[in-house]
Amino acid sequence: MGEPLLAIENLRTYFHTSAGVARAVDGLSLAIAPGETVGLVGESGCGKSVTALSILRLVAPPGRIEAGSHIRFEGQDLLALDDRAMRAIRGNRIAMIFQEPMTALNPVFTVGDQVAEVARIHAGASRAEAWKRAVAMLDRVGIPGADERARDYPHQLSGGMRQRVMIAMALVMQPALLIADEPTTALDVTIQAQILELLAELQQQSGMSVLLITHDFGVVAETASRVVVMYGGEAVEEAPVDELFARAHHPYTRGLLAAMPRLGAPRDRLRTIPGAVPAPTAWPTGCRFRDRCASAWEQCEREHPAIANVGADHASRCHLAAAPGRRAPEDAPPRVEVG
Amino acid sequence: MLTERARAAGRAWARLAPGARLALGVIAVFVLGAVLAPWLTRYQPWQQLDVVRLKSLPPSWAHPFGTDRFSRDVFTRILYGAQLSLSIATLAVLVSSTVGLLYGAMAGYTGGWIDAVMMRFIDAMLSVPRVLMLIAVLALWSPVPVPALVLLIGLTGWFDVARIVRGQAMALRDREFVVAARALGANPARIVWRHVLPNVLSPVIVAGALAVGNVIVLEAGLSFLGIGVHEPMASWGTMFQDAANQFVSTWWAVIFPGIAIVATVLAFNTLGDALRDLLDARQLPGQPAADLPEPAHG
């Protein structure tokens, strides 16, 4: 991999609350190459969305990005920029789309107006010119009759159309990196597929990179080339998508894959991972997954596992990497065919 | 575009409660009366027609609301009083709404210690009754010019508005479309202007309509105490004060300004309530109302 577009090193975003320090993201490292789509996968509360907000430096107090974290983007250290320089990057070089297209649009302005606003902010475009760009962009994201629809208010559009508007807002400045935080979670399955297809298509045309945040391995399988699995505020496994589906190493990843319904598989009950994500104010000592892990032994309690290579381009944060014989029989690799 | 506006106005009218339509009618009558006053009457409001022969006359064809003890035509004074009372009230409310809107939006959106300080100031101001505050100033400043009166009433009336707006702005700050605007690179001023203010406008409009009623009463009260609008200018409050102690002999000089005050205040309160019902349903930002049509496209 050449020079990455985005390189996150040892990102730590803590929330200093009265109930203690919540270490939502705790030592995450991650790199995205130009043109690449990386899936960031994990359960609710594992720190995925905070990671996204951290990249854009939008973490609201009491949250804070701790000293010693590094986010390099296009050769700049984002954490060292002043507010004005950071605003020039948001929506311009890095854009973000959100989970809820219902609430991510301002109800009192037309959608065309909202897309045009981005062009006005970053390109200093005149009202008329920004409107033209907005209509063109709405057309590109597949909104039929874009010049008419641009005059609609968000409540006049369906969820799928609203998500297309969000995408248009994000892409109007042709950013180098798009962060998509659960972009299809709130949508019907058929609309989901359309939106993912659209994202892939737009990515191919523009050559941008995408950081796709999701809890849905199905979405990852369809779109991402590389996957980072997050648990307890850190990356626990990282691999190209085919490799991960074929040879998942970390017990957590295996649990997630086993919990996924699949076509053609015998209709057993879906497997679940016992327990819940521990509170970020009190991560367990040693391995953060050990309480829920079938293979855990005393080393896992004592020692926080480092991320280790378990194959070409495949890394896992698990003591099993050095002691493969200790894997419990319940932790068998799921049989997955990548579609 | 224009026809669309007209149609939207028509729909809003249809959704308005019958009481509110009546209220709008009453307000329209008073506004028209105020604006057309020079054409509706031959007299001037301060004009003493004939202090001997035409004083304290009961209602008649020539003087539909009678004349007062200085032989001034009560009907004329009500019309010109409407000019003064209504414009003082609306302008004062405009002042207080604007100040409250900006102050509240700034406090709520900024948050943190700035918000804390700004809100403690409001708490302090609200702990002094508004009427006392006004009496204290006006007692030392007499006769007060009308523009100054408007400013004084306006600048003592924005604390509640600021509180309402601040609460809404705080809730909006964490709303996804505000976060999205920040993620797209909008600066704080733009976010407050485009994403916060328009979405807190509806409670301010409702509060404003109710406040107009309040200010009409307040102005009448101050004038009644002799520290608001001064003679010979006619406001409904000064007319009331002027005639109150001759109530038994010249009841018409008291009753008609009284009716004017009660009717407008009632109308503005009714209108405010109706606007609340109308705006609450659909203007809670981002929550489409139940009666909106299903999305048609996609």
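A few points on the structure. (Residues numbered from 1 in each chain as written. Chains lettered and ligands numbered in written order. Predicted model: local features only at pLDDT ≥ 70, side-chain atom pairs only at ≥ 80, totals over all residues.)

1. Regarding the overall build of chain A
Here is the rule: A run of DSSP states H or I qualifies as a helix once it reaches four residues; a run of E qualifies as a strand once it reaches two. Both are numbered from the N-terminal end. As a reference, a globule follows 2.2 Å times the number of residues to the power 0.38, and the radius of gyration itself is taken over C-alpha atoms. Exposed residues have 12 or fewer other C-beta atoms within 10 Å of their own C-beta, buried residues have 20 or more, and residues in between are partly exposed; the C-beta atoms are placed from the backbone. Contact between residues is assigned whenever the C-beta positions, reconstructed from backbone atoms, fall within 7 Å.
On a plain count of helices and strands, chain A comes out with 11 helices and 13 strands. Over its C-alpha trace chain A gives a radius of gyration of 21 Å, about what one expects of a compact globule, namely 20 Å for 339 residues. Projected onto its principal axes, the C-alpha coordinates of chain A cover approximately 65 × 50 × 40 Å. Relative to its full complement of 339 residues, chain A shows a buried share of 49%. Considering only contacts in chain A between residues 6 or more positions apart, those separated by 24 or more positions represent 65%.

2. What about helix H11 (residues 236-243) of chain B?
An α-helical turn contains 3.6 residues, so a residue and the one three or four places further along point in the same direction. H11 of chain B sits mainly inside the fold: eight of its eight residues count as buried. Residues of H11 of chain B that are buried include every one of Trp-236, Gly-237, Thr-238, Met-239, Phe-240, Gln-241, Asp-242 and Ala-243 of chain B, and no others.

3. With respect to the interface of chain A and chain B
Applied cut-off: Ten residue types, Ala, Val, Leu, Ile, Met, Phe, Trp, Tyr, Cys and Pro, are classed as nonpolar, four, Asp, Glu, Lys and Arg, as charged, and the remainder, Gly among them, as polar.
Contact residues are listed per partner, giving 29 residues for chain A and 22 residues for chain B. Among the elements of the structure, helix H2 (83-89), strand E7 (94-97), helix H3 (111-123) and helix H6 (159-171) of chain A are those that each provide at least two residues to the side of chain A that touches chain B. Across the side of chain A that touches chain B, the residue classes tally to 16 nonpolar, nine polar and four charged.

4. Section: H6 of chain A
Residues and elements named next belong to chain A. This is how the line gets drawn: The length a helix should cover is 1.5 Å for every residue beyond the first.
An ideal rise of 1.5 Å per residue puts 18 Å on 13 residues; H6 measures up with 18 Å between its terminal C-alpha atoms. Turning to H6, its buried residues are Gly-160, Met-161, Arg-162, Gln-163, Arg-164, Val-165, Met-166, Ile-167, Ala-168, Met-169, Ala-170 and Leu-171. Summarising the contacts, the buried residues of H6 are in contact with E7, H3, helix H4 (127-140), strand E8 (177-181) and helix H7 (189-206).

5. Brief notes about the pairing of strand E3 (residues 37-41) of chain A
All names here are of chain A. For clarity, the threshold we go by: Strands are labelled as partners when DSSP assigns at least two bridges between them.
Summarising burial for E3: five of the five residues are buried, a large majority. Along E3, one buried face is formed by Thr-37, Gly-39 and Val-41 and the opposite face, lined by Val-38 and Leu-40, is buried too. Sheet topology places E3 next to strand E9 (residues 209-214); five bridges connect them, and they run parallel. By the bridge assignment, Val-38 is partnered in E9 with Leu-211. The pairing of E3 with strand E10 (residues 226-231) spans four bridges and is parallel. The residue bridging Val-38 from the neighbouring strand is Arg-226, located in E10.

6. Focus: the sheet that holds E8 of chain A
Residue and element names in this part refer to chain A. What counts is decided by this rule: Whenever a helix is involved, its axis is fitted only over the stretch in contact; in every case the axis is a line through C-alpha atoms, and angles between N-to-C directions fall within 0 to 180 degrees.
Strands sit in the order E7-E8-E9-E3-E10-E11-E13-E12 across an open sheet of eight strands; the sheet is mixed. Bordering the open sheet on either side are E7 and strand E12 (308-311), each of which pairs with just one other strand. Strand-to-strand, the axes of this sheet are offset by a mean angle of 25 degrees, without reference to chain direction. Alignment of E12 against strand E13 (residues 314-316), held across three bridges, turns out to be antiparallel. Following the sheet pairing, Gly-311 is matched in E13 by His-314.

7. Some details on the pairing of E9 of chain A
Residues and elements named next belong to chain A. Spelled out, the test is: Whether a crossover is right-handed comes down to one check: with the strands pointing away from the viewer, does the path from the first strand over the helix to the second run clockwise; if it does, it is right-handed.
Most of E9 sits inside the fold, with six of its six residues counted as buried. Of the two faces of E9, the one holding Ser-209, Leu-211 and Ile-213 and the one holding Val-210, Leu-212 and Thr-214 are both buried throughout. Taken together, the five bridges between E8 and E9 define a ladder with parallel strand orientation. Residue pairing across strands places Leu-178 opposite Val-210, the latter belonging to E9. Of the crossover connections in this fold, the one passing from E8 over H7 to the parallel E9 is right-handed.

8. Some points on unusual backbone geometry
Cis geometry marks the peptide bond from Pro-61 of chain A to Pro-62 of chain A; its omega dihedral reads 10 degrees. Relative to the elements of secondary structure, Pro-62 of chain A occurs in the loop between helix H1 (48-55) and strand E4 (63-65). Notably, Glu-74 of chain A is not glycine yet its phi reads approximately 50 degrees, a positive angle. As for its position among the elements, Glu-74 of chain A is in the loop between strand E5 (70-73) and strand E6 (76-77). One non-glycine residue, Ser-56 of chain B, lies in positive phi territory at about 50 degrees. Within the secondary structure layout, Ser-56 of chain B lies in the loop between helix H3 (37-40) and helix H4 (74-110).

9. Section: the environment of Ala-180 of chain A
Residue and element names in this part refer to chain A. The topology assignment puts Ala-180 in strand E8. By C-beta crowding, Ala-180 is classed as buried, having 29 other C-beta atoms within 10 Å. Distance from Ala-180 to Thr-190, taken between C-alpha atoms, is 18 Å for residues 10 residues apart in sequence. Residues contacting Ala-180, with those up to four places away along its chain left out, are Ile-97, Leu-199, Val-210, Leu-212 and Ile-213.

10. A look at the nonpolar core
Quick reminder of the rule: In plain words, the nonpolar core is the set of buried Ala, Val, Leu, Ile, Met, Phe, Trp, Tyr and Cys residues that C-beta atoms within 7 Å link up.
The biggest cluster of nonpolar side chains holds 177 residues, and the ones touching the most others in it are Val-115, Ala-134, Leu-138, Val-165, Ala-168, Val-172 and Leu-177 of chain A. Apart from the residues lying within four places of it in its own chain, the contact partners of Val-115 of chain A are Ala-134, Met-137, Leu-138, Val-165, Ala-168, Met-169 and Val-172 of chain A.

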